[in-house]
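Structural characterization, general
Letter by letter, the chains look like this.
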Amino acid sequence: MHRVSHWLEARTGLITWFRELANAPVAGGPRWRYAWGSVLVVLFITQLVTGLAMAGTYSPGRLSSWESTFYIQHQLHWGWLVRGIHHYAAQAMVVALALQVLQIVWDRWYLAPRELSFWATIAGGLCILGLSHTGYQLPGDQRAHAATSIFLNIMSSAPVAGPYLQELVQGSSRYGNLTLSRLYVLHVGLLPLAYLAVLCLQSLLWRAEARRNRPDEVPLNATRFWPGQALRNGIFSLLAVVAVIGLTLTQPAELGAPMNPAEAFSAARPEWYFLFLFRFLKFEFVQQLGGLVFGAIYLPTLIGLVILIMPWTGRSRWGHKANVAFLLLLFAGVGYLTVTTLREDALNVDHQLALHHSEQLAQRTVDLASQTGIPASGAVSLLVNDPLTQGPRLFQKNCAACHHHEAVAASHAAHPPQISAADLSQFGSREWMKAILIDYATVLAPLKNHSDATVSARFLEGDMASWSSDNRDLLLAPENATSLAALLEFMAQQSGRKDLGTIDEKLALQGREVFATGKLASGSLSSACIDCHAMHVRGEDKPLAENSVTGAPTLTGYGGGAWLTQFLKAPGSDDYFGAKNAMPAFDKLPPRELEMLVQWMTGDYWLPAR
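Cut-off values and rules
- Residues numbered from 1 in each chain as written.
- Predicted model: local features only at pLDDT ≥ 70, side-chain atom pairs only at ≥ 80, totals over all residues.
- Heavy atoms only, no water.
- UniProt positions renumbered as here; feature names shortened; annotations may be inferred.
- Helix = DSSP H or I, 4+ residues; strand = E, 2+ residues; numbered from the N terminus.
- Buried < 20%, exposed > 50% of the residue type's maximum accessible area, 1.4 Å probe, protein only.
- Salt bridge = Lys/Arg side-chain N within 4 Å of Asp/Glu carboxyl O.
- Phe/Tyr/Trp six-rings, centres within 6.5 Å; stacked < 30°, edge-to-face > 60°.
- Lys NZ or Arg CZ within 6 Å of the ring centre and 35° of its normal.
- Domains from an automatic or database assignment.
- Core = buried A, V, L, I, M, F, W, Y, C linked by side-chain atoms within 4.5 Å.
- Contact = heavy atoms within 4.5 Å.

Going by an unreviewed UniProt entry, the chain carries the name Cytochrome bc complex cytochrome b subunit and comes from Planctopirus ephydatiae. For the record of the chain, the UniProt heading Subcellular location (unreviewed entry) holds the text "Membrane".

Structure (structure tokens):
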């Protein structure tokens, strides 16, 4: 061992270098607060190791960033752990950086002859923020896309060079594959190299400082780095890594829904360490002073200059106190604005709804990708072609002005529209059909809000309303409970909907008889269903009833996908409401959109087993 160390020392001087660092004086003796520099180094090494582990799997690009991140997070063995550690270590570095800068200024380590070391720390801090921010944009999810757009927007607002810098980072005039590739190069190449250069410079400066003292002498009120301070640094660094692993195990790193520039992302927020800037830019006085260019360019630059000249302004006692006060006020302001933003977001119903919707989309994408795999068109196409995802959006766009549906109610909870047609939350279900039979007037009650009073009268005072009122008590009589259940089971059977569960075929057969004859276990309906409605029973050659009363919709497949599709295309046809119709036709709706709307309303979509 001695021969190996001698050989190494003769060729590199490494042993002497370590000995000099170990003997470096620590002013005032060992302190826990001196450990932040070592914590940063350990976290950076953690970042390098986990980053290299993911680099062979991650692929930047609009159709590969989210997809490769999904593979790492959900399919690669231990990938979630590696990504989680990488994710939380990046955020821990931001915290450690802030505390290290505060410690350096507090303990006067920024004064001569340590100015270069202080400026190197500031330069390293910029690298850390750059690493964290570029890393936040790489997963290719909606949050990353929103953050990138904000980042590029801020960059473009810089005077003179702003637009050129934006295009340089963006790779073209628009956000695209080159944008992600260049951010990736910054994240894994240029910024880590820059930070490594900063660490090397700090090591050289530290060694130079150690050499200013004789090895056998320790300045008054100082101790050697080894072992007291080294032990504290080691313990603090270990605790930081343990905290990062603990966060990963308890709260795995998130992956939002894949980016979709065609859809607005109203839950967009920067990472937590830039929330203060997000909130600051919303102040009215900031807008009056120049908005983005003042709040995100001029003022941060001015603050940076104040920090850079601290080695000169802090030479006097009062100058040092002013520097400490400035830094404390700055951090307090950042903390206040960050907490304010978090509190406002927590109380903002619209933001919470958008956040919840975003989480639902993210989980849905993961479920679909796990079930069907990711198509060549990218993961976003899974959501674009998913009835469960697109159905509420299409309903909101085309139907919500008249109809209520509990799945979209939350989106306009603050300002609910006055509906003028039936609540379709349970359309086609047994509960819906029962309500139509026994309480038709209540189901159609929103028609009272219709602008044309004759429309509401046609339905609320029509034949079906009278039939429902006349037969309600008979259908609800205890002795006819089975007859009513049988009729509903027959209707559910005829709809062909899989989401209505297993059909009781024997009960449905009884219901067919009730439908055709109107005879119940006790008594008979004022008229049978076939007296007004057409019905062609599934699997039978001849229709059960062909001729229907005008305005009484055919009940063949009622509530099912085929029935609803044809109804939406032509609700005023003779097969449906005929002359009584008041609903607009959706025959101009793109076929795929109509198909997904119908699939959503009839429960025809895949759901994972929970």
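**Some details on unusual backbone geometry**
Here Ala112 and Pro113 are connected by a cis peptide whose omega angle stands at 10°. Positive phi, close to 65°, is recorded for Arg108, a residue that is not glycine. Examined against the element boundaries, Arg108 turns out to sit in the loop between helix H5 (79-106) and helix H6 (115-136). Judged by its relative accessible area of 39%, Arg108 is partly exposed.

**Remarks on the pattern of salt bridges**
One pass over the structure, following the stated rule, counts 12 salt bridges. Between Arg279 and Glu344 there is a salt bridge, with the nearest N and O atoms lying 2.9 Å from each other. In this pair, Arg279 sits in helix H11 (residues 275-280) while Glu344 sits in helix H15 (residues 317-347), placing the two residues 65 residues apart along the sequence. In this structure Arg279 comes out as buried when scored by relative accessible area, which is 14%. Salt bridges here are not isolated pairs; linked through shared partners, they connect Asp141, Arg143 and Glu254.

**Brief notes about the packing of aromatic side chains**
Here a ring pair, both rings aromatic, is described through the centre-centre distance and the interplanar angle of the planes. The final tally for this structure, using the stated rule, is 26 aromatic pairs. Ring geometry for Phe459 versus Phe577: centroids 5.3 Å apart, planes at 90°, classification edge-to-face. In this pair, Phe459 is assigned in helix H22 (residues 453-460) and Phe577 in the loop between helix H26 (561-569) and helix H27 (591-601), connecting sequence segments 118 residues apart. Considering the side-chain rings of Trp563 and Tyr576, the 5.4 Å spacing of their centres and the 85° angle between planes classify their relative orientation as edge-to-face. Taken together, the residues Trp563 in helix H26 and Tyr576 in the loop between H26 and H27 connect sequence positions 13 residues apart. With respect to burial, Trp563 and Tyr576 carry one shared label: buried. Cluster of aromatic residues (ring-pair linked, three or more members): Phe427, Trp432, Phe459, Tyr558, Trp563, Phe567, Tyr576 and Phe577. Just above the ring of Phe459 sits the side chain of Lys580; from NZ or CZ to the centre is 5.3 Å.

**Some remarks on the domain arrangement of the chain**
Its domain assignment divides the chain into domain 1 (36-268 + 348-356) and domain 2 (421-602). Here the C-alpha centroids of domain 1 and domain 2 sit 60 Å apart.

**Section: the nonpolar core**
Residues Phe395, Trp432 and Leu597 are the most contacted members of the largest nonpolar core, which totals 51 residues. In terms of residue count, H27 provides more of this core than any other element does, six residues in total. Every residue in contact with Leu597, bar those within four places of it in the chain, is listed here: Gly391, Leu394, Phe395, Cys399, Leu568 and Leu589. In terms of nonpolar packing, the next biggest core, distinct from the first, is built from 32 residues, Tyr88, Ala96, Val105 and Leu327 among them.

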